Amino acid sequence: MPVPRTLDPGTLGDHLDRLFRAAWALCGSREDAEDLVQETYERVLRRPRFVRREDDLGYLYRTLRNTYFNARRAASRRPQVAAQLDGVQAASSRADVQPEQAAETNLVLGAIAALPQPMREVLVAVDVLGLSYAEAGKALGVHENTIPSRLARARLKVAEALQG
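Residues numbered from 1 in each chain as written. Predicted model: local features only at pLDDT ≥ 70, side-chain atom pairs only at ≥ 80, totals over all residues. Heavy atoms only, no water.

**Q** So, the packing of helix α5 (residues 117-128) against helix α6 (residues 133-140): which residues are in play, and what are the values?
**A** Look at α5 against α6: their axes get within 9 Å of each other, and the N-to-C directions meet at 135°. By the angle between their axes, α5 is oblique relative to α6. Between α5 and α6 lies a crossing whose hand is right-handed. Touching Glu121, Val122, Ala125 and Val126 of α5 are Tyr133, Ala136 and Leu140, all from α6. Here the residues of the contact of α5 with α6 sort into six nonpolar, no polar and one charged. (Axes fitted to C-alpha atoms, helices over the stretch in contact; angles between N-to-C directions. Helix = DSSP H or I, 4+ residues; strand = E, 2+ residues; numbered from the N terminus. Parallel < 35°, antiparallel > 145°, perpendicular 65-115°, else oblique. Left-handed = near helix turned anticlockwise from the far one by under 90°. Contact = heavy atoms within 4.5 Å. Nonpolar A, V, L, I, M, F, W, Y, C, P; charged D, E, K, R; others polar.)

And the structure:
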């Protein structure tokens, strides 16, 4: 049995880009993804964390996912207030360097965010974060053999959304 080791806070920055892409795919919004990653890191750094093997990314993804769903549950219990936003222009995502690539990224991440939750989570874990099927199954709490079929359906739905 692997011996737990303390998660090194100095290495958390190594995973920032992949976690941000995963958060964006979960949330569907760049701004919400930034907040989610920040909340996840704040939660992880609050006290020492223990991980098995070299599973830092899997542990961080599980924490990110749990943080996301905890926030959604909390928000669903709050009263909803609707505001009229007629005539208000939406803020654009930053695309200073490569606008075509930024637009494509927005489309892809938006299509992923629109997937049903089980498909979205598998696609984020495997294609965005790069987890193996076994790591994704463990992070999501499903059997490893469930991952390939959900992933294939999720990829197909994203491809259909991007063609339409």
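**Q** So what's going on with helix α2 (residues 30-45)? Residues and values would help.
**A** Here α2 contains 16 residues, and its C-alpha end-to-end distance of 22 Å stays within 8% of the 22 Å for a straight helix at 1.5 Å per residue. Within the span of α2, buried status applies to Ala33, Leu36, Val37, Thr40, Tyr41 and Val44. Considered in projection along α2, the buried side chains sweep an arc of 130° and stay on one side of the axis. (Expected span 1.5 Å × (residues − 1). Buried < 20%, exposed > 50% of the residue type's maximum accessible area, 1.4 Å probe, protein only. Arc of directions from axis to C-beta.)

**Q** Residue-level account of the side chain of Arg65, with values.
**A** Along the polypeptide, Arg65 turns up in helix α3 (residues 56-77). Beyond its immediate chain neighbours, meaning those up to four positions away, Arg65 contacts Glu121, Ala139 and Leu140.

**Q** Lay out the packing of aromatic side chains in plain terms, naming residues and giving numbers.
**A** Across all of its chains, the model carries two aromatic pairs by this definition. Ring geometry for Tyr68 and Phe69: centres 4.9 Å apart, planes at 70°, overall edge-to-face. Of the residues examined, Tyr68 reaches a relative accessible area of 10% and is grouped as buried. Note on Phe69: relative accessible area 12%, which makes it buried. (Phe/Tyr/Trp six-rings, centres within 6.5 Å; stacked < 30°, edge-to-face > 60°.)

**Q** Can you tell me about the nonpolar core, naming the residues and giving the values?
**A** The biggest cluster of nonpolar side chains holds 42 residues, and the ones touching the most others in it are Tyr61, Leu64, Ile112 and Leu131. Those residues in contact with Ile112, other than ones at most four positions away along the chain, are Ala25, Arg120, Leu123, Val124, Val128 and Val158. (Core = buried A, V, L, I, M, F, W, Y, C linked by side-chain atoms within 4.5 Å.)

**Q** Give a detailed account of the side chain of Arg120, specifying residues and quantitative values.
**A** When you line up the elements, Arg120 lands in helix α5. Buried within the structure, Arg120 lacks any salt-bridge partner; Glu121 is the closest side chain of opposite charge, at an N-O distance of 5.8 Å. Setting aside chain neighbours within four positions, we find Arg120 in contact with Ala25, Leu26, Tyr68, Phe69, Arg72, Ile112, Ala113 and Leu115. (Lys, Arg positive; Asp, Glu negative; His and termini not counted. Salt bridge = Lys/Arg side-chain N within 4 Å of Asp/Glu carboxyl O.)

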